[in-house]
Amino acid sequence: MSIHLHWFLPTGGDGRTLVDRHAYTDGGITRTGNTAVTGIRAPDVDYLAQIAKAAERLGFEGVLTPTGTWCEDAWLTTVALSQHTDRLKFLVAFRPGVISPVLAAQMASTYQRITRGRLMLNVVTGGDSTEQRRFGDPLDHDRRYARTAEFLQVVRGVWGGRPFDFDGEHYQVEGGLTALPPDPLPPVFFGGSSAAAGPVAAAHTDVYLTWGEPPAQVKEKIDWIRGLAEEQGRTVRFGIRMHTISRDSARDAWATADRLLDDLDPETVAAAQKALGRSESVGQQRMLALHGGTRDQLEIAPNLWAGVGLVRGGAGTALVGSHGDVADRIEEYHALGIEHFVLSGYPHLEEAYWFGEGVTPELARRGLLAELAPLPGAAGGGAGGGAPLLVSGGR
């Protein structure tokens, strides 16, 4: 089992800070005042293309894009970026409750033909009712997961190449199909830590994606999902979503982590923790429990730092250390069964280079990396401002 490395596209804006501000002073709602916030990089195609091209050249297999009202649409953004890259795959996050499953199947099929097979799907059921209601979705937490199960049944049925009928609680479809099924079928990534999420992952998904908890807790999740899948005669692969701060020395890496906390005053942390605490996501609550909202003990396991989660929703931990340290921890997670590593860092362009030029060669020396096709023309494979604070998650 080889390791598959993926990076992240910050379609809600990027910068040198953990404070998660949208790149526009109007919060991205009206789009009437596109004055860039000082120190924050707008998520325009030119900047995102720099990250995508860097990720491709550095040997990342794909890039994840988030989904939500606080960021750009993942489908449209990534299909545009596909025209700036040659091999890079796109892990497109979307919410199944706000789109027809037949339309989603058709969009995926079209996407595969436009990009020559570079789509991966990240199904985000949604752990925040407030965010879901912005999309017009009134369902509670557990019913959203039940709907996701039906959604994925319909999508896979429509991809079968013949008219598909379905009569469920949430969807009724007669003769659903897409003119040409996607080739290849895009793998379906899915995350969720609740009792309602586990059976959906086991029955319908290809890769179960967890946030970066300590290895012992990750092993518990893997054993849980693997057992549920075996009961249904299925095999599920596993991935992990986390940040990285990798430097030539451990001292430099930890100094960088400390600097990321410099602009976080207690009021900012308290406001973020209060907002995140309202989330219905079990995974988000597990992230919050790792640090308890304080800076007292942020290294929660060797080289695993929970400082990101003080103000950021979703993935709240980072691997911090020398390139060898980070490679050691990745190898440790890999030994547990983690195959896909979806990584990020602040800013995403620079941190892609730190990881790609430091950790990736070390992983290659250990024989852990999946082979990538060479890029065209290459000899071988690539190795403040007043904006409101938006606490975002699900990525």
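Residues numbered from 1 in each chain as written. Predicted model: local features only at pLDDT ≥ 70, side-chain atom pairs only at ≥ 80, totals over all residues. Heavy atoms only, no water.

Peer 1: What exactly am I supposed to notice about the pairing of strand β11 (residues 237-247) here?
Peer 2: Working note: regular strand, side chains alternate between the two faces of the sheet. Counting buried positions along β11 gives 10 out of 11 residues, so the element sits mostly inside the fold. Both β11 and strand β14 (residues 318-322) contribute to a ladder of five bridges, which runs parallel. Paired with T244 across the bridge in β14 is L319. (Buried < 20%, exposed > 50% of the residue type's maximum accessible area, 1.4 Å probe, protein only. Helix = DSSP H or I, 4+ residues; strand = E, 2+ residues; numbered from the N terminus. Pairing = 2+ DSSP bridges.)

Peer 1: Teacher, can you tell me more about the pattern of salt bridges here?
Peer 2: When their charged atoms lie close together, side chains carrying opposite charge are able to pair. This model, assessed by the stated rule, comprises 18 salt bridges. Put simply, E213 and K221 hold a salt bridge, and the shortest N to O gap is 3.5 Å. For the residue pair E213 and K221, the accessibility class agrees, reading buried in each case. Residues E362 and R365 are paired through a salt bridge, measuring 2.7 Å at the closest nitrogen-oxygen approach. Of the two residues, E362 and R365 are both situated in helix α12 (residues 348-365); the distance of three residues between them amounts to about one turn of the helix. Exposure remark for E362: the relative accessible area of 18% places this residue in the buried category. Its relative accessible area of 63% is what places R365 among the exposed residues. By sharing partners, the salt bridges in this structure join D328, E331, E362, R365 and R366 into a single network. (Salt bridge = Lys/Arg side-chain N within 4 Å of Asp/Glu carboxyl O.)

Peer 1: Honestly, the packing of aromatic side chains in this entry has me stumped. Any pointers?
Peer 2: Two measures describe an aromatic ring pair: the distance that separates the ring centres and the angle between the ring planes. Here the structure, examined in full by the defined rule, presents nine aromatic pairs. When the ring of W7 is compared with that of F60, the centres are 5.2 Å apart and the planes differ by 45°; the resulting orientation is tilted. With W7 in strand β1 (residues 4-8) and F60 in the loop between α1 (45-57) and β4 (62-65), this pair connects stretches of sequence that are 53 residues apart. Residue class for F60 comes out buried when judged on its relative accessible area of 1%. (Phe/Tyr/Trp six-rings, centres within 6.5 Å; stacked < 30°, edge-to-face > 60°.)

Peer 1: Help me understand the confidence of the model for the chain, please; the structure alone is not making it clear to me.
Peer 2: If pLDDT is low for a region, its predicted coordinates should not be looked at in detail. Averaged over all residues, the pLDDT of the chain equals 89, while 90% of them reach at least 70. Every residue in residues 22-36 is under pLDDT 50, and counting partners more than four places away or in other chains gives 39 contacts. Considering only residues more than four positions removed or in separate chains, one finds that residues 380-394, a stretch of pLDDT under 50, has 53 contacts. (pLDDT = per-residue confidence, 0-100. Contact = heavy atoms within 4.5 Å.)

Peer 1: What am I meant to see in the environment of A335 here?
Peer 2: With respect to the element layout, A335 can be found in helix α11 (residues 323-336). A C-alpha to C-alpha distance of 9.6 Å links A335 and M1, two positions 334 residues apart in sequence.

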